[in-house]
Amino acid sequence: NFPTKSLNKISTILTKKLQTMKIQSLSITLPSILGVAPVSGRIIQSPYRIGIHTSAIRRLQTQESTPLPGNGATLSAASTTTTTSTTSYTTTTTTAVGTSTTPDRTTGGTPPPEVTFPPDITTPVGIGGGPPGGTEVPPVIETRTTSTTPMVVTPGGGATTVVPGDEIDPVTASSAAASSPASSDWSFSPLTVPEGGLRPCNQVIEMGFVDNILPKEVILTTLNGMTDNMFDFTNETQASIAADVKAQMESLVTYSVRARKVCTSCEEANAIWEKTHADVTASEVMPYCMDGKFAYGRTIGGLVLEPIDSVTGDVVSGNIAASFWTDITETDPFLAASQVWPYDFSALLPQKLSFGAMASASAGTISFVPDVLGLGEDWQNPRSYMVKEVYQASSIPLLLKVENDYVEADSCTRLDKRIAISGYSEGGYAAISTADAVERLNDGYTNTFLGIGGAPIKLSTEQTRAILEMADDVFPFPAFAVRYANAYSSTNEDLVNYGLGQDYASDEYMTPGEKTKNIKIWIEYGLSYEEMVPLIPTPSSDVVNPEVVDMIVSSFAANYTDPCNSEFAPDSLDKACEAVKSNDLLETVESFKFTVTFCHSPNDEIVFYSNLPNVSAFENFNMIEDLPGVGGIVNPQGSHYESFPVCLMGFMFPFVAPPDEGIIRQITPIDEPCDTPVDGPDAPTVAPGGAPSESSNFPTSYMPTESSAFQSFGGLISFVTLFASIVGGIMW
């Protein structure tokens, strides 16, 4: 029983426990958080997030006004609700009933007053408790309702509207944007476009700031809050390191930023290339975009963040470098980067690698976060996974599209051929693939930085140990078996085993017409990892072709870590093995001649440390702690998800160097005559009629002071909560 603990705290405590203990269910009581009488639920294990699934007991166990333990609130019939449609599901943000004269930061109106939780149910900010003077903040509570009457939690004596039969699903802060349908429904209904539709292609993304420009002051506050929560300020050494990191962040944040959703296609990328390269065909440099390939005829989308000239309100002038932040893909295709980029930073923060893209754009680069084929605008088409050409086709056409857009607009901005790339986990795999595609272009493009974090580089060898652990029922992320098996089971026609009966998935879990026994349907319908868990057998290796499992188990038993090249590899799997071996990235990364920085915990329980190449054998390889100027960031020692934010921050540091030094963020004059001079550091962006705050220089019409900014984010910057919840079980 946890009668007064927040769900955030429970998640932090139990996640580690459930990774090592075979706990199938727990009965817990969350009266103060739910705002209802005690509700028990089944805890579903994920290596990154604790979800509360209440299948048979999901419905409220009270249908009348009942005093609530801990805070005195009651269930009654009056309430205020704010509903935000960020995905195809309704997110109801809890607000207290009352009045306020505080101006709305985004619209100039009057917002609902902020919720004040009593002290006994708050949760500390950050691992080390946050900086001195930091306050405690509550989690955001999300409710999904099946009726038209909203359910609202109003702690501290407020009122709650509850309709019998409503369903509730509390999740930790900022995971609202990564929600999935109720697992208990098991309706397996096909995907439909979210309410309100997708954001329009090739347009600026609307944000709650003047001219849709995210002020650099907001960016700096966001990054400083992230820093505050990485370090224990009660430790003198860590406090000193944190101060140094924040000082470097101030030199990184130079420009305000504007977001665009960009869409293109292989056909357009091929045409752009052919228009300017008469001697080399598009098929030679972009074989993944040839007619008949997996990517051909599909929409390639992504989020593009641009540094903005504070005077003109347009992209800064000059030759500007590019940066790619290859993100971890979602099982829900509508949670693509271009779709979930926040409108209001005071309510929701960017997801995962979009943090890095925001930082690098503010540093003065055009920053890309590809949606990846099958997500976002391309949601109706098949999705693939851990296939290098998928990530290449999701990135390079976006690069060529944006580069061409600036030229055709006859602007004073040019996207030149310097490219920095970073990614973690699946995103690290994608980063290597993208860097390889940049090298293949062979047209003056230069990889200036490659940051690889927690990546399954040795996909066909060391990472197959995951299947071995699944067979022993000890691997902490069983949903990996689903995505891995599905990807190499005739879902991508570019793979050599396509349609040959050599699938990686077992026949049992590709049963036609049997939704609970067909992993292709699970992926096609966008089931979340939490929704997959009750469907995954024990051991989870049962979703994998038994021949593949036997080959891997026998190989490792003989102390051989290359199953497909072992004596245990049967002829009946020759093409299946060829498909996986062709997507192993060890030889690819070892072929790079530019600097490569690795960030990988030796205690990574999901992507094993043995995936790393022999770093010391290559002069151009280094670990994150050896990267100059990383400000006290050392190679992480925690679990897979705990290591992510450490790597993310480390990958930001190459953008700290002054703009006139180095090649990663330097902006140089363009060759053609241009009336607009190359821009200098951005000035504070102030809303019309607004005056900077004395304490912060923030435009008071839409941004609070630095200290209150993170407190008002409702706990979104609580470090463990932030990254554990926004990653939300999607590190793969």
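Residues numbered from 1 in each chain as written. Predicted model: local features only at pLDDT ≥ 70, side-chain atom pairs only at ≥ 80, totals over all residues. Heavy atoms only, no water.

Caption draft 1: Broad picture of the overall build of the protein. Of the regular secondary structure elements, the protein holds 20 helices and 16 strands. By residue count, 60% of the 732 residues in the protein fall in the buried class. A separation of at least 24 residues holds for 75% of the contacts in the protein among residues at least 6 apart in sequence. For the protein, the computed accessible surface area is about 26,200 Å², with 50% contributed by carbon and sulfur atoms. (Helix = DSSP H or I, 4+ residues; strand = E, 2+ residues; numbered from the N terminus. Buried < 20%, exposed > 50% of the residue type's maximum accessible area, 1.4 Å probe, protein only. Contact = heavy atoms within 4.5 Å. Areas by Shrake-Rupley, 256 points an atom, 1.4 Å probe, with all protein chains shown as cover.)

Caption draft 2: Spotlight on the packing of aromatic side chains. Tallied over the entire structure, the rule returns 17 aromatic pairs. Among the aromatic residues, those joined into a ring-pair cluster are F475, F480, Y484, Y488, Y504 and F608. Stacked on the ring of F294, the Lys or Arg R298 has its end atom at 4.4 Å from the ring centre. A cation over an aromatic ring shows up here: K517 above the ring of Y509, its NZ or CZ 5.4 Å from the ring centre. (Phe/Tyr/Trp six-rings, centres within 6.5 Å; stacked < 30°, edge-to-face > 60°. Lys NZ or Arg CZ within 6 Å of the ring centre and 35° of its normal.)

Caption draft 3: Focus on the nonpolar core. One finds M286, F368, Y488, W522 and F598 to be the most contacted residues of the largest nonpolar core, which totals 112 residues. Per element, the largest residue contribution to this core is nine residues, and it comes from helix α9 (residues 388-408). Those residues in contact with F598 that sit more than four places away from it in its chain are I452, I457, V589, L612, P613, V615, F621, N622, M623, I624 and N635. Listed in part, the 50 residues of the second largest apolar core include F231, A357, M358 and V656. (Core = buried A, V, L, I, M, F, W, Y, C linked by side-chain atoms within 4.5 Å.)

Caption draft 4: Structural detail: the environment of S541. Within the fold, S541 resides in the loop between α14 (529-532) and α15 (546-557). When the C-alpha positions of S541 and L468 are compared, they lie 8.0 Å apart, and in sequence the two are 73 residues distant. Residue contacts for S541: discarding those within four places in its chain leaves I467, M470, A471 and V549.

Caption draft 5: A look at helix α10 (residues 426-441). The end-to-end C-alpha distance of α10, which contains 16 residues, comes to 23 Å, matching closely the 22 Å that a straight helix rising 1.5 Å per residue would cover. With 14 of 16 residues buried, α10 lies mostly within the body of the structure. Once α10 ends, the next one or two residues include N442, with phi positive near 50°. (Expected span 1.5 Å × (residues − 1).)

Caption draft 6: Spotlight on unusual backbone geometry. In this model, T538 is joined to P539 through a cis peptide bond whose omega is 0°. Unlike most non-glycine residues, D211 shows phi in positive territory, near 55°. Here D211 falls in the exposed class, since its relative accessible area comes to 60%. The backbone phi angle of S425 is positive, close to 60°, even though this residue is not glycine. Tracing the chain through its elements places S425 in the loop between β13 (413-424) and α10.

Caption draft 7: Here's a closer look at the environment of V285. Along the chain, the position of V285 falls in helix α6 (residues 282-285). Residues V285 and A437, 152 residues apart in the sequence, show an inter-C-alpha distance of 8.0 Å. Other than its neighbours up to four places away in sequence, V285 contacts W273, V280, R440 and L441.

Caption draft 8: Quick look at the side chain of D584. Mapped onto the elements, D584 comes out in the loop between α16 (574-581) and α17 (586-590). With no salt bridge to any partner, buried D584 finds its closest opposite charge in K458, at an N-O distance of 8.2 Å. Here L459 takes part through its backbone nitrogen, which lies 3.0 Å from a polar atom of the side chain of D584. At 2.9 Å, the side chain of D584 and the backbone nitrogen of S460 are in polar contact. (Lys, Arg positive; Asp, Glu negative; His and termini not counted. Salt bridge = Lys/Arg side-chain N within 4 Å of Asp/Glu carboxyl O. Polar contact = N/O pair within 3.5 Å; in protein donor to acceptor, adjacent residues only side chain to side chain.)

Caption draft 9: Structural detail: the state of the cysteines. A complete count under the given rule lists four disulfides for this structure. With a sulfur-sulfur separation of 2.0 Å, C201 is cross-linked through a disulfide to C263. The disulfide joining C201 to C263 has a torsion of about -70° about its S-S bond and is therefore left-handed. Taken together, the residues C201 in the loop between β6 (159-160) and β7 (203-204) and C263 in strand β9 (residues 256-264) connect sequence positions 62 residues apart. For C201, a relative accessible area of 26% corresponds to the partly exposed category. With a relative accessible area of 7%, C263 lands in the buried category. Each sulfur in the disulfide pair C266 and C289 lies 2.1 Å from the other. The chirality of the disulfide connecting C266 with C289 is left-handed, given an S-S dihedral of about -65°. (Disulfide = S-S within 2.5 Å.)

Caption draft 10: Quick peek at α16. All buried positions along α16 are accounted for by A576, C577, A579 and V580. Down the axis of α16, the buried side of the element spans an arc of 155°, and every buried residue falls inside it. Where the residues of α16 are buried, they touch α12 (479-487) and α15. (Arc of directions from axis to C-beta.)

Caption draft 11: Representation of the packing of α9 against α10 in the model. At a closest axis distance of 8 Å, the pairing of α9 and α10 adopts a crossing angle of 60°. Taken together, the axes of α9 and α10 lie oblique to each other. The two elements α9 and α10 meet at a crossing, and its hand is right-handed. Taking contact as the criterion, the partners of K388, Y391, Q392, S395, I396 and L399 in α9 are, on α10, E426, Y429, A430, S433, T434, D436, A437, V438 and L441. The residue inventory of the contact of α9 with α10, partitioned by class, reads eight nonpolar, four polar and three charged. (Axes fitted to C-alpha atoms, helices over the stretch in contact; angles between N-to-C directions. Parallel < 35°, antiparallel > 145°, perpendicular 65-115°, else oblique. Left-handed = near helix turned anticlockwise from the far one by under 90°. Nonpolar A, V, L, I, M, F, W, Y, C, P; charged D, E, K, R; others polar.)

Caption draft 12: Quick look at the packing of helix α3 (residues 216-228) against helix α4 (residues 236-252). Running from N to C, α3 and α4 point in directions that differ by 160°, and their axes come no closer than 10 Å. Comparing the axis directions of α3 and α4 gives the class roughly antiparallel. Crossing handedness for the pair α3 and α4: right-handed. The residues of α4 that touch α3, namely those facing L220, L223, N224, T227 and D228, are A242, V245, K246, M249, E250 and L252. By residue class, the composition of the contact of α3 with α4 is six nonpolar, two polar and three charged.

Caption draft 13: Quick look at the pairing of strand β10 (residues 300-308). Among the nine residues in β10, nine count as buried, and that is most of the element. Inspection of the sheet shows β9 paired to β10 by nine bridges, in the antiparallel sense. Along β10, the bridge assignment pairs A259 with L305. Pairing of β10 with strand β12 (residues 366-370) involves four bridges; the strand directions are antiparallel. Residue pairing in the sheet places L305 in a bridge with S367 of β12. (Pairing = 2+ DSSP bridges.)

All quantities given are derived from atomic positions and should not be read as evidence of function.
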